[in-house]
Amino acid sequence: MKVIVLFVFVLGALSAAGEDFIAKVGDKVTLKCGVSSYTRSLRWHHGTDLLHSVDQRGFPRKGSTELAWRSVVRLTNLEISSVRETDAGRFTCSADWTRHNHSLSVLSVLVSVKPSDVLELNDEATLQCEVKGQHHGCEVKWRSPNTYSLTNTSTVQLKPVKTSHNGPWLCIVTCGRNTFSERLAITVQEPPTTTKSPPKLNGKSEKPCGTNCGNDDASPRLLGLAWWVWVAIGVGCLVAILLMVCVIVLCVRVKRRKKRFLKMKGQQRPRHKKYCQCDHPTAAAKPKQGRRREKPSALPLHPA
């Protein structure tokens, strides 16, 4: 009987054993609870802080911490986005009556090159891959851009710098089954070529000629300006004179039209009737002529 109880106790302890997860800063990580389903409730804790709680009806409840707002529950697993260094620690998944304890380790991979990421041939440079929060058993390696060979050190010395060093370098961090990488771009330039001094003529060395030296000797100059500059100035002055003449002609034509319009408008104004006042005296009014009286007809003469 004791053997059976001890076996059940050991089996329960193993079932509740958690898993160690590793993530890189800025990446996304999924923490597995250890069970695929639950009947009553599911809870996720980060240390003592509650992250998520889901009851048997599927009603979710979210904690008040900043990590709770960057995480979400997918079925029974916890998915954390934009991982930060403060997310490292112990996580507990409680499904019904079973608790599963997990741990999360957060790595921060920093790559750098000294003296600069722009190098010249035959120079010397140092590549450094620094891993913060490194988990035990992690390996750091460098991969060059043109070869697939790995350098099993976190520091690479380039002595001297070659053209094959130009391109993206990868710092690869391997922690068990987890692999992380960080990219570093290096540019290799050729050193500037030194120009030889021109041969001496008559025992005197000539000054180096610039890019426009040949053109300056070939083109005649007047008052220190090339011929095309004077041509441009002349064309500009001619255009300005033509514009001034056009403006003057337009102004004169406008004035003429205005005068003509005012003259025509004055001729069309209605003339007022003016009566002539003469110095002759006014004619006397004619007397009114009344109705003529008819003379009485003569009486007829009777014979005596």
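Residues numbered from 1 in each chain as written. Predicted model: local features only at pLDDT ≥ 70, side-chain atom pairs only at ≥ 80, totals over all residues. Heavy atoms only, no water.

Going by an unreviewed UniProt entry, the protein carries the name Ig-like domain-containing protein and comes from Astatotilapia calliptera.

Engineer: Please provide a residue-by-residue account of the state of the cysteines, values included.
Structural biologist: Tallied over the full model, the rule gives three disulfides. Here Cys 138 connects covalently by a disulfide to Cys 175, the sulfurs 1.9 Å from one another. An S-S torsion of about 120° defines the bridge between Cys 138 and Cys 175 as right-handed. Within this pair, whereas Cys 138 is found in strand E12 (residues 138-143), its partner Cys 175 is found in strand E15 (residues 167-175), the two being separated by 37 residues in sequence. Overall, the relative accessible area of 12% leaves Cys 138 in the buried class. Given the relative accessible area of 5%, Cys 175 is considered buried. (Disulfide = S-S within 2.5 Å. Helix = DSSP H or I, 4+ residues; strand = E, 2+ residues; numbered from the N terminus. Buried < 20%, exposed > 50% of the residue type's maximum accessible area, 1.4 Å probe, protein only.)

Engineer: Which residues make up the pattern of salt bridges, and what values do they have?
Structural biologist: Applying the stated criterion across every chain yields a total of eight salt bridges. Residues Arg 177 and Glu 19 are paired through a salt bridge, measuring 3.8 Å at the closest nitrogen-oxygen approach. With Arg 177 in the loop between E15 and strand E16 (178-189) and Glu 19 in the loop between helix H1 (2-15) and strand E1 (20-24), this pair connects stretches of sequence that are 158 residues apart. Assessed through its relative accessible area of 77%, Arg 177 is described here as exposed. Judged by its relative accessible area of 31%, Glu 19 falls in the partly exposed class. A salt bridge links Glu 139 to Lys 141, with the shortest nitrogen-to-oxygen separation between them at 3.8 Å. Here Lys 141 falls in the partly exposed class, since its relative accessible area comes to 22%. (Salt bridge = Lys/Arg side-chain N within 4 Å of Asp/Glu carboxyl O.)

Engineer: Account for the nonpolar core, with residues named and values stated.
Structural biologist: Leu 127, Trp 142 and Val 173 are the most contacted members of the largest nonpolar core, which totals 23 residues. Broken down by secondary-structure element, the contributors of at least two residues to this core are strand E9 (98-114), strand E11 (125-132), E12, strand E14 (155-158), E15 and E16. The contacts of Val 173, once residues within four sequence positions are left out, are Leu 107, Val 109, Val 131, Cys 138, Glu 139, Val 140, Asn 178, Thr 179 and Phe 180. By size, the runner-up hydrophobic cluster in this structure holds 18 residues, among which are Ala 23, Leu 31, Leu 67 and Val 83. (Core = buried A, V, L, I, M, F, W, Y, C linked by side-chain atoms within 4.5 Å. Contact = heavy atoms within 4.5 Å.)

Engineer: Before we move on, could you go through the sheet that holds strand E6 (residues 71-74) and cite the residues and values that matter?
Structural biologist: Pairing between sheet strands relies on hydrogen bonds along the backbone, with the strands arranged either parallel or antiparallel. The three strands are arranged E2-E7-E6 in an open sheet whose pairing can be described as antiparallel. Every other strand in the sheet has two partners, leaving strand E2 (29-31) and E6 as the edge strands with one partner each. This sheet shows a mean twist of 25° between the axes of neighbouring strands, independent of strand direction. One ladder, built from three bridges, connects E2 with strand E7 (residues 77-80); its direction is antiparallel. By the bridge assignment, Thr 30 is partnered in E7 with Glu 79. (Pairing = 2+ DSSP bridges. Axes fitted to C-alpha atoms, helices over the stretch in contact; angles between N-to-C directions.)

Engineer: Give a detailed account of the packing of aromatic side chains, specifying residues and quantitative values.
Structural biologist: Enumeration over the complete set of coordinates arrives at one aromatic pair. Relative to Trp 169, the ring of Trp 142 lies with its centre 6.3 Å away and its plane at 75°, an arrangement referred to as edge-to-face. With Trp 142 in strand E12 and Trp 169 in strand E15, the pair connects residues that are 27 residues apart, well separated along the chain. Each member of the pair Trp 142 and Trp 169 is classed as buried. (Phe/Tyr/Trp six-rings, centres within 6.5 Å; stacked < 30°, edge-to-face > 60°.)

Engineer: Report on the environment of Ser 64, specifying residues and quantitative values.
Structural biologist: Inspection of the secondary structure puts Ser 64 in the loop between strand E5 (60-62) and helix H2 (66-69). Residue class for Ser 64 comes out exposed when judged on its relative accessible area of 72%.

Engineer: Quick one: what's the story with the pairing of strand E8 (residues 89-95), residue by residue and with numbers?
Structural biologist: Burial analysis of E8 places five of its seven residues in the buried class, which makes it a mostly covered element. Summarising the sheet, strand E3 (residues 42-46) and E8 pair through five bridges and their orientation is antiparallel. For Arg 43, the partnering residue across the bridge sits in E8 and is Ser 94. Hairpin connection between E8 and E9: a loop of two residues separates the two successive antiparallel strands, and Asp 96 in this loop has a positive phi of roughly 60°.

Engineer: So, the sheet that holds E15: which residues are in play, and what are the values?
Structural biologist: As summarised here, the arrangement of the five strands in space is E10-E16-E15-E12-E13, forming an open sheet in which the pairing is mixed. At either end of the open sheet lies a strand with only one pairing partner, and these are strand E10 (118-120) and strand E13 (150-151).

Engineer: Residue-level account of the UniProt feature "transmembrane region" (unreviewed entry) in the protein, with values.
Structural biologist: Here the UniProt-annotated "transmembrane region" (unreviewed entry) positions come out as residues 227-254. Helix makes up 100% of residues 227-254 and strand 0%, with an end-to-end C-alpha separation of 41 Å. (UniProt positions renumbered as here; feature names shortened; annotations may be inferred.)

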